[in-house]
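Breakdown of the fold
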Amino acid sequence: EMQIERIEGEGDISGPVRLSSGPWRIEEGWWKDAPAAREYWDVEVGAAVYRVFECGAGWVVDARYD
């Protein structure tokens, strides 16, 4: 099972991942002929938890949990 060990280069969010959970595969535009699918992860970096997905060569933050 894959685990995310480190996030790099997402703005101020960089460093080792203390805890990760996922992936959750979500399809966007499921009603279209070619829906886009992404795998989302929840990761703890520093003192915050983020929902991220991989895009190309890096990670994109979709949400930050308070």
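Here is a short report on the structure shown in this document. (Residues numbered from 1 in each chain as written. Predicted model: local features only at pLDDT ≥ 70, side-chain atom pairs only at ≥ 80, totals over all residues. Heavy atoms only, no water.)

Here we look at the overall build of the protein
What counts here: Runs of H or I in DSSP of at least four residues are treated as helices and runs of E of at least two as strands, each being numbered from the N terminus. Contact criterion: two residues are considered in contact whenever any of their non-hydrogen atoms come within 4.5 Å of each other. In short, Shrake-Rupley with a 1.4 Å probe defines the accessible areas, and a residue's cover is counted only from the protein chains shown.
Secondary structure assignment for the protein yields zero helices and five strands. Mapped in sequence order, the helices and strands of the protein form the string β-β-β-β-β. Excluding contacts between residues fewer than 6 apart, the proportion of contacts in the protein whose partners are at least 24 apart in sequence is 26%. Just so you have it, the protein exposes about 4800 Å², and 48% of that area is on carbon and sulfur atoms.

With respect to the nonpolar core
A general feature of soluble globular proteins is that nonpolar side chains tend to end up buried together. What counts is decided by this rule: To qualify as a nonpolar core, a set must consist of buried Ala, Val, Leu, Ile, Met, Phe, Trp, Tyr and Cys residues joined through side-chain atoms within 4.5 Å. To sort residues, take the accessible area from a 1.4 Å probe on protein chains only and compare it with the maximum for the residue type: under 20% means buried, over 50% means exposed, and anything in between is partly exposed.
One finds Ile-4, Ile-7, Ile-13, Val-17, Trp-41, Val-43, Val-45, Ala-48, Tyr-50, Val-52 and Trp-59 forming the largest nonpolar core, which totals eleven residues. Those elements that provide at least two residues to this core are β2 (13-28), β3 (36-45) and β4 (48-55). Not counting residues up to four positions away in its chain, the partners in contact with Ala-48 are Val-43 and Arg-64.

Considering the pattern of salt bridges
Pairing of side chains with opposite charge becomes possible as their charged atoms draw close. This is how it is decided: For this document, the term salt bridge refers to a Lys or Arg side-chain nitrogen within 4 Å of an Asp or Glu carboxyl oxygen.
This model, assessed by the stated rule, comprises four salt bridges. For Arg-18, the salt bridge is made with Glu-44, and the minimal N-O distance between the two is 3.4 Å. Within this pair, whereas Arg-18 is found in strand β2, its partner Glu-44 is found in strand β3, the two being separated by 26 residues in sequence. On the basis of relative accessibility, which here comes to 22%, the residue Glu-44 falls in the partly exposed class. Between Glu-39 and Arg-25 there is a salt bridge whose closest N-O contact spans 3.8 Å.

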